[in-house]
Amino acid sequence: MRSTTFLTGSTFISKLIGVFYLIPLFMILGGEENLSLYGYAYVPYTIMLTMASAGMPGAVSKYVAKYNALGAYKVSEKLYKSSFLIMLASGFVFFVLMFIGAPFIAELTIAGKDNVGWSKDDVTDVVRVVSFAIILIPFFATWRGVFQGFESFGPTALSVVVEQLGRVLFLLTGAYIVMEMLGGSIKLANQVATFGATIGCLCGLVVLWMFWKKRYPYIKKQIDSDDTHIDVNYKRMYFDIIKTSIPFVVVSITYPLLMIIDQFTLSKGLSLAEVPEMLHDKYFAMLNMTTHKIVMIPSSLAAGFAVALLPYVAKTFARGEHHEVSEQIKGMIGTVLFFTLPASVGIFILAGPLYTSFYHYDIDGITLLYNYAPVSILVSLFSLVAAILQSIDRQYLSMWIVFVMLALKALLNIPMVSLFETKGAVYTTLLVFVIGIIIFLLFIKKYTEFRVRMLTRTIILNVFYTLCMAVSVMLVYMALAFTVFDISNRIHAVLTLIISVLVGMFVYGFTTLKAHFADLFIPKLSAKIRRKFKLGISS
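Procedures and definitions
- Counting starts from 1 at the beginning of each chain's written sequence and moves along it residue by residue.
- Confidence filtering applies because this is a predicted model: local features only for residues at pLDDT of at least 70, side-chain atom pairs given and counted only at 80 or more, and all residues used for totals across whole chains, interfaces and linings.
- With hydrogens and water stripped out, all remaining heavy atoms of the structure feed into the side-chain values.
- To qualify as a helix, a DSSP run of H or I must reach at least 4 residues; to qualify as a strand, a run of E must reach at least 2; elements of each kind are numbered from the N terminus.
- Our radius of gyration is a C-alpha quantity, and the globule rule it is checked against amounts to 2.2 Å times the number of residues to the power 0.38.
- Buried, partly exposed and exposed residues are distinguished by accessible area as a fraction of the type maximum, computed with a 1.4 Å probe on protein chains only: under 20%, between the cut-offs, and over 50%, respectively.
- Throughout, the Shrake-Rupley method with a 1.4 Å probe supplies accessible areas, and for residues the shown protein chains are the sole cover considered.
- Each pair of aromatic rings taken from Phe, Tyr and Trp, with Trp reduced to its six-membered ring, is defined by centres within 6.5 Å and is described as stacked if the planes are under 30 degrees apart, edge-to-face if over 60, and tilted in the remaining cases.
- Definition used: whenever NZ (Lys) or CZ (Arg) falls within 6 Å of the ring centre and also within 35 degrees of the ring normal, the charge is taken to sit over that ring.
- What the arc describes is the spread of directions from the helix axis to the C-beta atoms.
- In what follows, salt bridge is the name for a side-chain nitrogen of Lys or Arg lying within 4 Å of a carboxyl oxygen of Asp or Glu.
- For helices, the fitted line uses only the C-alpha atoms of the stretch in contact; every axis is such a line through C-alpha atoms, and the angle between N-to-C directions lies from 0 to 180 degrees.
- Each angle gets one of four labels, with under 35 degrees taken as roughly parallel, over 145 as roughly antiparallel, 65 to 115 as roughly perpendicular, and the rest as oblique.
- With the far helix as reference, a near helix turned anticlockwise by less than a right angle produces a left-handed crossing, and one turned clockwise produces a right-handed crossing.
- Every residue pair with non-hydrogen atoms within 4.5 Å of one another is taken to be in contact.
- The classification used treats Ala, Val, Leu, Ile, Met, Phe, Trp, Tyr, Cys and Pro as nonpolar, Asp, Glu, Lys and Arg as charged, and all other residues, Gly among them, as polar.
- Throughout this description, the term nonpolar core refers to a set of buried Ala, Val, Leu, Ile, Met, Phe, Trp, Tyr and Cys residues connected via side-chain atoms within 4.5 Å.
- Patch rule: a residue counts if its relative accessible area is over 30% and it has no salt bridge; like charges are joined within 9 Å, and nonpolar side chains (Val, Leu, Ile, Met, Phe, Trp, Tyr) within 5 Å.
- Any two cysteine sulfur atoms within 2.5 Å of one another count as a disulfide.

Caption draft 1: Geometry of the overall build of the protein. Check the secondary structure of the protein and you find 22 helices and 0 strands. For a compact globule of 539 residues, the expected C-alpha radius of gyration is about 24 Å, and the protein comes in at 24 Å, within 12% of that figure. Overall, the C-alpha framework of the protein stretches about 75 × 65 × 40 Å when taken along its three principal axes. In the protein, which comprises 539 residues, the share counted as buried stands at 54%. Here the protein has roughly 24000 Å² of accessible surface; of this, 70% comes from carbon and sulfur atoms.

Structure follows, in structure tokens:
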């Protein structure tokens, strides 16, 4: 429990930092079009980084823990040392691929523009700067996995937070110095900001090295005490690791792959829609950076509650207890909806003050956020149902479903953007997520006893309580926006947002606790809150 708390807490803090740093960076760079250059490098980097790691950190953690439990510490030592070399080699290979391929990425990104906004050389330079981080981060992630294999979770948790803090502090400080103190260019500020990924990784490595230096004497004693004479075929082991990790890697980068399709096709679609080329960079940043960050806040948190239960699904399924599996799936999907449905509706209602509070008042950004709001629910559900199918030994099936989604996105994106401008990219993403989730649920139904109708009552009640919250938030928002505050003013928008969110949280929390609906998903916390505020006796 303590280890889970460490990792969950550090991940939560890291995600919060990863969301809110964009606010000061936006202010430093001065608008969406200036931020877009950072975004052009960010998504390709995420994809290449995941491919370079190839699921190795989790696999190393698992195997180190396994052989330590057997007392085969020499096997563990050989495993993690060889994995370090493999990850350094993999990181270097993918760094070279991204560095050399940067002009190709840039060419696809700016296709549809004609010497307006960021050029091919600009995008190439920024992509090449961020590519240096790929050399070390797979090694860094694998080292964290080694610590977890030795049941040492503190170093992993602390290094994750330090890495994110180091990255953000460097990119914000560096961008500020370039823009405000040196009078440098926006391009240089973006290059400094993207290099923050490398600095963050180095900070995290320093933390792990300090812990390793302190704990290695104890690990060395364990290695010296190994008299099991167990040996393994490492070539076969790594082959199995890579083979089994492929579908997990593909599923984990589904959203970044959808985003890279947007990056490569948005400008073409906007040109067909006769949108002025000077607006293309701005609309890209709104799509893949500013609105995306807001939408991902609830989905990144809610999915964690349910996905933590997936190992139990795997164990239950392996024992052949299909009815129990169905109940677990029902509980996990209900949990995701319990958190993301009200959050998504809240983003939809409060899109105006949200966008203004985070960035500035822009009707295009606000409108896009209105349309983007449902993605919170769909991303969380997709992550969950994909993980469920993988936990019941249908990993490669999950991968093929993702390929279908990507093909649909690639096929429909330009026509949809040409019809609905930037909103068309959002509509296509919504459509492919809905189709993907339906296909996943159909296969889950095929291999388990789970049926969607099992969720009917839960969904109806969740919608009812969310509507109660929505009405209250809407009334408060309208009262404030039309009588007291000017939403185009940032301070007014922040105050409106705070008051509206507090009202929404109170109404949703009170109604779900009073009716014992929250007990289905957070029973212990619900009972504790109910006793403290005397909302009735827990059922």
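Caption draft 2: Focus on the packing of aromatic side chains. By the definition in use, this model includes 36 aromatic pairs. Residues Phe-95 and Phe-99 carry aromatic rings whose centres are separated by 5.7 Å and whose planes lie at 50° to one another, so their mutual orientation is tilted. On the criterion of helical spacing, the pair formed by Phe-95 and Phe-99 is a turn pair, its members being 4 residues apart in helix 5 (residues 73-110). Under the relative-accessibility criterion, Phe-95 is labelled buried at 10%. Through a chain of ring-to-ring contacts, the aromatic side chains of Tyr-80, Phe-84, Phe-139, Trp-143, Phe-147, Phe-150, Trp-212 and Tyr-216 assemble into a single cluster. For Arg-144, the ring lying beneath its charged end belongs to Phe-140, and the centroid distance is 4.7 Å. The residue whose ring lies beneath Arg-394 is Tyr-447, and the NZ or CZ to ring-centre distance is 3.9 Å.

Caption draft 3: Seen up close, helix 22 (residues 523-533). Listing the buried residues of helix 22 in full gives Ser-526, Ala-527 and Arg-530. All buried residues of helix 22 fall inside an arc of 95° around its axis, so they share one side. In helix 22, the exposed positions angled more than 90 degrees off the buried face are occupied by Lys-524, Lys-528, Lys-532 and Phe-533. Where helix 22 terminates, the next one or two residues include Lys-534, which has phi positive at roughly 55°.

Caption draft 4: Structural context of the pattern of salt bridges. The full count for this structure, using the stated rule, is 9 salt bridges. Residues Lys-81 and Glu-77 are paired through a salt bridge, measuring 3.1 Å at the closest nitrogen-oxygen approach. On the criterion of helical spacing, the pair formed by Lys-81 and Glu-77 is a turn pair, its members being 4 residues apart in helix 5. The closest approach of N and O atoms between Lys-120 and Glu-107, which form a salt bridge, is 3.3 Å. Of this pair, Lys-120 sits in helix 6 (residues 120-131) while Glu-107 sits in helix 5, placing them 13 residues apart in sequence. Within this structure, Asp-122, Asp-125 and Lys-187 form a network of salt bridges that share partners.

Caption draft 5: Representation of the packing of helix 15 (residues 351-358) against helix 16 (residues 363-372) within the structure. It is at 9 Å that the axes of helix 15 and helix 16 come closest, and there the two elements cross at 125°. Judged on the interaxial angle alone, helix 16 and helix 15 are oblique. The way helix 15 lies across helix 16 gives a crossing that is right-handed. On helix 16, the residues that touch Ala-351, Gly-352, Leu-354, Tyr-355 and Thr-356 of helix 15 are Gly-365, Ile-366, Leu-369 and Tyr-370. Across the contact of helix 15 with helix 16, the residue classes tally to 6 nonpolar, 3 polar and no charged.

Caption draft 6: The arrangement of the environment of Tyr-396 in detail. Tracing the chain through its elements places Tyr-396 in helix 18 (residues 395-420). Put simply, Tyr-396 and Gly-334 are 62 residues apart on the chain and 26 Å apart in space, counted from C-alpha to C-alpha. Contact partners of Tyr-396, with chain neighbours within four places excluded, come to Lys-243, Ile-246 and Pro-247.

Caption draft 7: Just the side chain of Glu-163, in detail. With respect to the element layout, Glu-163 can be found in helix 8 (residues 153-181). For Glu-163, a relative accessible area of 18% puts it in the buried group. Filtering out sequence-adjacent residues up to four positions away, Glu-163 remains in contact with Ile-137, Phe-140, Arg-144, Gly-200, Cys-201 and Gly-204.

Caption draft 8: Molecular detail of the nonpolar core. In this structure, Leu-25, Tyr-45, Trp-143, Tyr-255 and Ile-333 are the most contacted members of the largest nonpolar core, which totals 162 residues. Residue contributions to this core peak at 12 residues, all from helix 5. Beyond its immediate stretch of four places on either side in the chain, Tyr-255 contacts His-292, Met-296, Tyr-372, Val-375, Val-379, Thr-429 and Phe-433.

Caption draft 9: Representation of a nonpolar patch on the surface. Residues Ile-242, Ile-246, Tyr-396, Trp-400 and Phe-403 make up a contiguous nonpolar surface patch of about 480 Å² in total accessible area. For the nonpolar patch, the secondary structure elements donating two or more residues are helix 10 (234-252) and helix 18. For the nonpolar patch, the element with the highest residue contribution is helix 18, accounting for 3 residues. On the secondary structure map, Ile-246 appears in helix 10. Residue class for Ile-246 comes out partly exposed when judged on its relative accessible area of 38%.

Caption draft 10: Here's a closer look at unusual backbone geometry. Positive phi values are uncommon outside glycine, yet Glu-421 reaches one of about 60°. Within the secondary structure, Glu-421 is located in the loop between helix 18 and helix 19 (422-447). Assessed through its relative accessible area of 35%, Glu-421 is described here as partly exposed. The backbone phi angle of His-516 is positive, close to 65°, even though this residue is not glycine. Examined against the element boundaries, His-516 turns out to sit in the loop between helix 21 (490-514) and helix 22.

Caption draft 11: The arrangement of the packing of helix 8 against helix 9 (residues 186-224) in detail. For the pair helix 8 and helix 9, the least separation of the axes is 7 Å and the interaxial angle reads 150°. Viewed along their axes, helix 8 and helix 9 adopt a mutual orientation that is roughly antiparallel. Helix-helix and strand crossings are classified by hand; for helix 8 and helix 9 the assignment is right-handed. Classifying every residue of the contact of helix 8 with helix 9 gives 21 nonpolar, 6 polar and 3 charged.

Caption draft 12: Summary view of the state of the cysteines. Throughout the structure, instances matching the rule amount to 0 disulfides. Free cysteine Cys-201: the closest other cysteine sulfur is in Cys-203, separated by 9.1 Å. Take Cys-201: its relative accessible area is 1%, and that puts it in the buried class.

Caption draft 13: Region of the structure containing the side chain of Ser-14. Relative to the helices and strands, Ser-14 is located in helix 1 (residues 2-20). Other than its neighbours up to four places away in sequence, Ser-14 contacts Val-160 and Gln-164.

It is worth stressing that arrangement in space is one thing and function is another; only the former is reported here.
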